[in-house]
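Structure at a glance
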Amino acid sequence: MKKLVWVAGLCSLGLVACGDSSSSPSSKKGQDYCKVVSSDPLVLETLEDGIYSKTSFEYSDERLVEKVEFDDQSIAKFACSSYMEDDDYGVVDCNGKSVVAYSGARLTKNEYKKLLNTFLSMCKEYDEPEGENSNSDPGDSNQFSESKSSSSAQGYQTGLSDYCEVVSENPLEMYMHSMGLASTSRYSYNNGTVTVETEYENSAVVDSMCALEKNNYSYTNVRCKGNKITADYNEVMSEVEYKQFVKMYKQTCANYKDWGNIEAYYESSSSVVVESSSSIGYGIIEESSSSIGYEESSSSGEFTILDDSNGLVAGITYKKEKVVAMNAEDLVCDDGGETASLEGYTVAYEFNVPTDLGRDYLGTNHAYIADDVPAVAAECGSLVLDGTNGLLVPLSEEFRSKGFVAEVRFMPTAPGDIANIFVAEPPGSEKDGWQIRLDGSYVSFLYRDASLSYDWSVQKIDEVSMDEWHVIRVKIFPTKSELSGTIFYSMNISLDGSLRLASEFKGDISDIQYRLGIGYDSFKQSSHNRRFFTGKIDYIRYGKITEDNL
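With that out of the way, let us pick up the overall build of the protein. Along the protein, the regular secondary structure elements total five helices and 32 strands. Split into buried and exposed, the 550 residues of the protein put 53% on the buried side. For the protein, the exposed surface amounts to about 23700 Å²; the carbon and sulfur share of it is 43%.

Shown next as structure tokens:
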């Protein structure tokens, strides 16, 4: 169900070019192998279809720490993006040719030991070549007492190619073989709930896999028994959505089986789009000049838009079309007449027209709805969110500003947990960002300058009442000293017209690298289900503030 040894993960998930190693940016010649370089700490060296990596595992602060080193930076970039979108991981650090990822779930030492045994088992099940000798200290062989076999350093050759096969289409049943780990997954649908049962041929891996899946936010009600893991997806689906789900998984399986066709996954053009089998509706894009890319589907004429100019995080698929409220036909609204003065703003979401809720009244920074997000509703003049949906805003240079003003008029109809109202919230912990959100019944502003600290600076503004309108305004702006000519920044935050905070602002949070979210977490990162806002938004206005006229 999850990638366990990274070379296999990259190839099997379709994240890099596999098969024709001469065309790979990280090409090496020779037979595939997995070698246990060290048992304490566990270090695995693998070569799969020309892609080399070395992976080490450690236990720190009750978490699995996985460090993967590649011999090519472009491969490392693809690996980084998949780690960041994987709910099994929390903090992910990507630097050059290496990726360091910390498990999102805390593990006991015993669970960690079982997980290592899973990695060892998968590496061992690469067929051992006849006559090959051990390459490390045989004293390591008893390092992990629960392992079924010795962990002494040996090289193993792959005797079975990874593949996926659709055994049955209705109900959907798929057989998958990856890095020697064979499993069968069966999917069922009942009253909106999608259930997957995965049966492993090697029951020794089930305990460690079970621990991971119980901490996977994509699932609820995870049950583990014998060699089977059964889990329910935490998102309710309509029958139409489930049919799309099945169609996508069938296609993913077909792509997995045919990954030897390198042209399907790796192109020499400036834009590379690859589908991942690990997440519904996700892809990866690497762009040389544009922060927004899109492809037209040959089957439907719809667009798949993928943003994020640096290509580090996979973009959620969505269509470049107007956002239409699910209840638009029941509403008769005009455009609100003259919109209030928007002087000082460069982006404005007014939500006045139910058939075009994502319209930016001042430019082209329109908001969209992701394909796997339920439809939003509207009232004349406002966006209505029910705690399961939201809009996303593709990244543009407009939002990459050291100084800015953001104002939102909102009505919470239920307390939030860490409910996003309007956020530039990046995945991971090493990126700049800011958030206007609802924590319980308190509205807060959070920001992070990653060059100074990986922690969020939290400004808890005040408690707000439910079912009433409120306006929060955040302004970070430069001022030039008349005496010294020095430019310094200040931050003012007001709530309902009353100034609540005025302070010097130290730092620079302009290095925004990812799309923005309205009402939810647009990346499906850890705690995704806690980040939904429930209520109404009358407008969102944003203005870029520069030092040009000081």
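Read on for the rest.
The full count for this structure, using the stated rule, is one disulfide. Bridging C333 to C380, the disulfide has an S-S length of 1.8 Å. Its torsion about the S-S bond being -75 degrees, the disulfide of C333 and C380 is classed as left-handed. Of the two residues, C333 is situated in the loop between strand 18 (315-316) and strand 19 (347-349) and C380 in the loop between strand 20 (377-379) and strand 21 (382-386); the sequence distance between them amounts to 47 residues. Classification of C380 as partly exposed rests on a relative accessible area of 47%.

So, on to the environment of K67. Mapped onto the elements, K67 comes out in strand 4 (residues 63-70). According to the relative accessible area criterion, K67 is partly exposed, its value standing at 34%. In this structure, K67 is in contact with K54, T55, S56, V99 and V100, ignoring residues within four places of it in sequence.

Bringing the packing of aromatic side chains into the picture now. Under the definition given, this model contains 17 aromatic pairs. On the numbers, 4.9 Å between centres and 35 degrees between planes, the contact of Y59 with Y112 is tilted. Of this pair, Y59 sits in strand 3 (residues 51-60) while Y112 sits in helix 3 (residues 109-124), and the two are 53 residues apart along the sequence. With 6.0 Å between their ring centres and 20 degrees between their planes, Y520 and F532 make a pair best called stacked. Pair noted here: Y520 is in the loop between strand 31 (516-518) and strand 32 (534-545) and F532 is in the loop between strand 31 and strand 32, with a separation of twelve residues, a long-range link. Overall, Y520 belongs to the buried group, its relative accessible area being 2%.

In this section: the pattern of salt bridges. It is possible for side chains bearing opposite charge to pair when their charged atoms get close. Evaluated as defined, the whole model comprises 17 salt bridges. A salt bridge links R223 to D232, with the shortest nitrogen-to-oxygen separation between them at 3.4 Å. R223 sits in the partly exposed class, given a relative accessible area of 33%. Residue class for D232 comes out buried when judged on its relative accessible area of 10%.

Counting residues in each nonpolar core, the largest one holds 49 residues, and the members touching the most others are Y349, V408, W434, F445, I472, I518 and I537. For I537, the contacting residues outside a window of four places in its chain are F351, S382, L383, L385, V408, R409, F410, I421, W469 and I518. Within the second largest apolar cluster, 25 residues are counted, among which are L181, Y219, V246 and Y249.

The next subject is the confidence of the model for the protein. In the predicted model, the protein carries a mean pLDDT of 74, and the fraction of residues at 70 or more is 73%. Strand 15 (residues 282-286) is the least confidently modelled element of the protein, averaging 28 in pLDDT, while strand 23 (residues 403-412) averages 98, the highest of any element. Scored below 50 in pLDDT, residues 127-160 shows 66 contacts in the model against residues more than four places distant or in partner chains.

Let us look at the pairing of strand 24 (residues 416-424). Across the nine residues that make up strand 24, a large majority, eight, are buried. With six bridges joining them, strand 24 and strand 25 (residues 433-440) adopt antiparallel strand pairing. Considered in strand 25, the bridge of A424 is made with W434. Across two bridges, strand 24 lies against strand 31 in antiparallel orientation. Bridge pairing in strand 31 places V423 opposite G517.

The next point concerns helix 4 (residues 206-213). Within helix 4, seven of the eight residues are buried, which leaves the element mostly enclosed by the surrounding structure. Of the residues making up helix 4, those classed as buried are V206, S208, M209, C210, A211, L212 and E213.

Here we have six strands laid out as an open sheet, ordered 22-31-24-25-26-27, and antiparallel in their pairing. Only two strands of the sheet have a single partner each, and these edge strands are strand 22 (391-393) and strand 27 (457-463). Averaged over neighbouring strand pairs, the angle between their axes works out to 30 degrees when direction is ignored.

So, about the side chain of E407. Relative to the assigned elements, E407 resides in strand 23. In this structure the side chain of E407 is engaged in a polar contact, spanning 3.0 Å, whose partner is the side chain of R473. Not counting chain neighbours up to four residues away, the residues in contact with E407 comprise Y345, V471, I472, R473, Y539, I540 and R541.

A few words on the pairing of strand 29 (residues 487-495). Alignment of strand 28 (residues 470-480) against strand 29, held across nine bridges, turns out to be antiparallel. Following the sheet pairing, V474 is matched in strand 29 by I493. Here strand 28 folds back onto strand 29, and the loop between the two strands holds six residues, one of which, G485, carries a positive phi near 80 degrees. Where strand 29 lies against strand 30 (residues 498-504), six bridges are found, and the strand directions are antiparallel.

On to unusual backbone geometry. Looking along the chain, the bond that leaves D40 and enters P41 is cis, with omega of 0 degrees. Positionally, P41 belongs in the loop between strand 1 (33-39) and strand 2 (42-48). Along the chain, N170 connects to P171 via a cis peptide bond; the corresponding omega equals 0 degrees. Structurally, the position occupied by P171 is in the loop between strand 8 (163-169) and strand 9 (172-178). Even without being glycine, F351 reaches a positive phi, approximately 55 degrees. When you line up the elements, F351 lands in the loop between strand 19 and strand 20. Classification of F351 by relative accessible area gives buried; the value is 1%.

Rules and cut-offs
- Residues numbered from 1 in each chain as written.
- Predicted model: local features only at pLDDT ≥ 70, side-chain atom pairs only at ≥ 80, totals over all residues.
- Heavy atoms only, no water.
- Helix = DSSP H or I, 4+ residues; strand = E, 2+ residues; numbered from the N terminus.
- Buried < 20%, exposed > 50% of the residue type's maximum accessible area, 1.4 Å probe, protein only.
- Areas by Shrake-Rupley, 256 points an atom, 1.4 Å probe, with all protein chains shown as cover.
- Disulfide = S-S within 2.5 Å.
- Contact = heavy atoms within 4.5 Å.
- Phe/Tyr/Trp six-rings, centres within 6.5 Å; stacked < 30°, edge-to-face > 60°.
- Salt bridge = Lys/Arg side-chain N within 4 Å of Asp/Glu carboxyl O.
- Core = buried A, V, L, I, M, F, W, Y, C linked by side-chain atoms within 4.5 Å.
- pLDDT = per-residue confidence, 0-100.
- Pairing = 2+ DSSP bridges.
- Axes fitted to C-alpha atoms, helices over the stretch in contact; angles between N-to-C directions.
- Polar contact = N/O pair within 3.5 Å; in protein donor to acceptor, adjacent residues only side chain to side chain.

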